[in-house]
Amino acid sequence: MAFIFLMAGTMKATQPIEQLSLSMSWVKDFSTGMVRFIGLSEILGVIGLLLPSLLRIKPILTPIAALGLIIVMIAAFVYHILNAEYALLGVNIFLGAIAGFIVWGRYKQIPIQEK
């Protein structure tokens, strides 16, 4: 999941909007700043998923980052529903469910202990 969000976030944060709109038609409906913000949010979400747990420094940030990615997926889900892009909903549900599993797993089931 981290790889998918890192790849997608990097594309949104760095590619020219014209090139990005060829593979992601929704970017035409948003300003360049908003597309960059979404990409940066995804990249920061990946950093928040991985670093706190790997370094065992403030590992509570891992489920918080996953919760942030759930919010991104909910916003994408709503956008796709409003624009009748039903074929794309599966990706949002899948990634949101994995992020939800991370929230549950790292907050309740097997929390990582700090150093």
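Residues numbered from 1 in each chain as written. Predicted model: local features only at pLDDT ≥ 70, side-chain atom pairs only at ≥ 80, totals over all residues. Heavy atoms only, no water.

With that settled, consider the side chain of His80. Mapping His80 onto the fold places it in helix H4 (residues 61–82). Residue His80 is classed as buried on the basis of its relative accessible area of 8%. Once residues lying within four places of it in the same chain are set aside, the contact partners of His80 are Glu85, Leu88, Leu89 and Asn92. (Helix = DSSP H or I, 4+ residues; strand = E, 2+ residues; numbered from the N terminus. Buried < 20%, exposed > 50% of the residue type's maximum accessible area, 1.4 Å probe, protein only. Contact = heavy atoms within 4.5 Å.)

Within the structure shown, the criterion is met by one salt bridge. For Lys12, the salt bridge is made with Glu42, and the minimal N-O distance between the two is 2.8 Å. You can see Lys12 sitting in helix H1 (residues 2–14) and its partner Glu42 sitting in helix H3 (residues 32–55), a full 30 residues away along the chain. Taken as a pair, Lys12 and Glu42 share a single burial class, namely buried. (Salt bridge = Lys/Arg side-chain N within 4 Å of Asp/Glu carboxyl O.)

A grouping of Leu40, Leu44, Ile47, Leu50, Leu51, Leu54, Leu55 and Ile57 is seen on the molecular surface, where their side chains present a nonpolar patch of about 760 Å² in accessible area. For Ile47, the location among the structural elements is in helix H3. When its relative accessible area of 40% is taken as the criterion, Ile47 is described as partly exposed. (Patch = residues over 30% accessible without salt bridge, like charges linked within 9 Å, V, L, I, M, F, W, Y side chains within 5 Å. Areas by Shrake-Rupley, 256 points an atom, 1.4 Å probe, with all protein chains shown as cover.)

Taken as a whole and judged by the stated rule, the model has three aromatic pairs. For the pair Phe30 and Tyr79, a centre-to-centre distance of 5.4 Å together with 50° between the ring planes defines the contact as tilted. Of the two residues, Phe30 sits in the loop between helix H2 (17–23) and H3 while Tyr79 sits in helix H4, which places them 49 residues apart along the sequence. For Phe30, a relative accessible area of 31% corresponds to the partly exposed category. You can call Tyr79 buried: its relative accessible area is 14%. Taken together, the ring pairs in this structure connect Trp26, Phe30 and Tyr79 into an aromatic cluster. (Phe/Tyr/Trp six-rings, centres within 6.5 Å; stacked < 30°, edge-to-face > 60°.)

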